[in-house]
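Fold and geometry: a report
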Amino acid sequence: MKVGTRVVEKKRVAPARDAERVMEAAPSAAAGDVGRGVGRCGGGSSRKTRRRGSPRPLVQKVFDLCNEVFRGPGTVPRPLDVDRMKLLLDKMMPEDVGLSEGHFAKNNRHVKGTPRVTYVHIYECENFSIGIFLLPTSGTIPLHNHPGMTVFSKILFGSVHLRSFDWVEPFEGEDSLPSNVALARLKIDNVFTAPCNSSVLYPASGGNLHSLQAVTPCAVLDVLGPPYSGTEGRDCMYYRELPYSSFSGGSPVDGDTSCYRWLEEIEPPKPEDFPVDGMRYAGPQIVEGF
């Protein structure tokens, strides 16, 4: 398969999907706890009503705006809607989604072996999903893509090193490369620390491929649309960085090549190399049709 195309030969599992597999394998009692307060369009979500006149929780406002902003596969939110979503996410704090920075840091202080990433599933439907990644110090989410997706991210607490890329447009001589290798340009390579503004990546720009490594215990809220879907050609692919000098022949880059890397598509990481746990969402319950 040619990296960066929409042809899918092998299914890949997104980080969030790994967590769902963990939850599905849990005993029934624990699975009931994990699922409480979360939902999917078409079933399982809470439809309890809140008292009239009561203020909407911030996470409810995010959910309501998602229903306006994300219009389904093949679409990108309008610039005005992007600004509205970013302004709303900029206000998000850990307590708005039931998190405590101190509690998470304490529980992960003495963890041995590969740092375990935790995924908190809040909501998912065919147009968008909302969830939180919790990373202990040195916890890593490997380099992966977001095919056809627009992704808003907000660091709720802690510091994280973000490294992201965008694909370089097809060029003459590209056919001589291995089929699982393509050229990408480094977009972001920086450490971000809460409180900071939210960010957004697009299907073809803004750093669509990225990796994250926690500098301190951190929480990252992700709002993305449409969600990963193998049946619709939006599998999550994982990549390995290769130096630009690895395949220099026929490249379109003239001059400074320090911001360019070849990305090699690889098999999804094994569970022992990328352990992901699921955790019950404990924040305000989302209500459809609020």
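Everything below is about the structure printed above this text.
Everything in this summary refers to the structure shown in the same document. (Residues numbered from 1 in each chain as written. Predicted model: local features only at pLDDT ≥ 70, side-chain atom pairs only at ≥ 80, totals over all residues. Heavy atoms only, no water.)

Here helix H3 (residues 58-69) crosses helix H4 (residues 79-89) at 170°, and the two axes come no closer than 10 Å. In terms of axis orientation, H3 runs roughly antiparallel to H4. Residues Leu 58, Lys 61, Val 62, Leu 65, Cys 66, Glu 68 and Val 69 of H3 touch H4, and the partners they reach there are Asp 81, Arg 84, Met 85, Leu 88 and Leu 89. Among the residues making up the contact of H3 with H4, the classes are represented as 8 nonpolar, no polar and 4 charged. (Axes fitted to C-alpha atoms, helices over the stretch in contact; angles between N-to-C directions. Helix = DSSP H or I, 4+ residues; strand = E, 2+ residues; numbered from the N terminus. Parallel < 35°, antiparallel > 145°, perpendicular 65-115°, else oblique. Contact = heavy atoms within 4.5 Å. Nonpolar A, V, L, I, M, F, W, Y, C, P; charged D, E, K, R; others polar.)

Within strand E10 (residues 218-225), 8 of the 8 residues are buried, leaving the element largely enclosed by the surrounding structure. Relative to E10, strand E3 (residues 129-135) is paired through 7 bridges, and the arrangement is antiparallel. Paired with Phe 133 across the two strands is Val 220, which belongs to E10. Note: strand E5 (residues 150-157) against E10, 7 bridges, orientation antiparallel. Bridge pairing links Val 151 to Leu 224 in E10. (Buried < 20%, exposed > 50% of the residue type's maximum accessible area, 1.4 Å probe, protein only. Pairing = 2+ DSSP bridges.)

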